[in-house]
Every structure is written in structure tokens, then in C-alpha cells.
Amino acid sequence: MDKKIILKIDRNDDSITLQDVVDKIQEIQDANPDLDVFFDGDEFAVCSRPKKGGSK
């Protein structure tokens with residue numbers, strides 16, 4: 001897997017909301033349409049990986 005951490009989120013920062021995370025994911029996805037951008041709960045980070053070829 002070619003997962004890359006884009007933005008590590010501080011678990012103790014109460015000022016970061018779920019909407020902040022969703023907005024950041026959307027911003028990164030819009031700027032990089034060739035990547036799958038997602039939240040990884042194990043890493044507590046916004047991550048990406050190359051999209052697989054072909055659409056279904």
C-alpha cells in the first residue's frame with residue numbers, strides 16, 4: 001500500500017472539529033484528483049494514496 005500521511009491531527013486539540021477534517025479532505029481531494037484522500041483512524045491523520053486505474 002502506498003499510503004502517505006498528509007496531515008497528522010493532534011488527538012488532544014479540542015479546537016479541531018470533524019467539519020475541519022472533512023473540509024481539509026475535500027480541499028486536498030480537489031487539488032489532487034488522482035489521489036484517494038481519507039482519514040486513517042489508526043494514524044489519526046488525513047492520508048492519501050494513488051487511485052487505482054479504471055472506473056467501475
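Scroll up to find the structure this text is about.
In this report, the structure presented in the accompanying data block is examined. None of these values were measured; they are calculated from a predicted model. (Residues numbered from 1 in each chain as written. Predicted model: local features only at pLDDT ≥ 70, side-chain atom pairs only at ≥ 80, totals over all residues. Heavy atoms only, no water.)

### Topic: the nonpolar core
Counting seven residues, the largest nonpolar core consists of I9, V21, I25, I28, L35, V37 and V46. For this core, the secondary structure elements donating two or more residues are α1 (18-31) and β2 (35-40). If you tally residues by element for this core, the top one is α1, at three residues. (Core = buried A, V, L, I, M, F, W, Y, C linked by side-chain atoms within 4.5 Å. Buried < 20%, exposed > 50% of the residue type's maximum accessible area, 1.4 Å probe, protein only. Helix = DSSP H or I, 4+ residues; strand = E, 2+ residues; numbered from the N terminus.)

### Considering the packing of aromatic side chains
The full count for this structure, using the stated rule, is one aromatic pair. Relative to F44, the ring of F39 has its centre 5.4 Å away and its plane inclined at 80°; by these criteria the two rings are edge-to-face. A cation over an aromatic ring shows up here: R49 above the ring of F38, its NZ or CZ 4.4 Å from the ring centre. (Phe/Tyr/Trp six-rings, centres within 6.5 Å; stacked < 30°, edge-to-face > 60°. Lys NZ or Arg CZ within 6 Å of the ring centre and 35° of its normal.)

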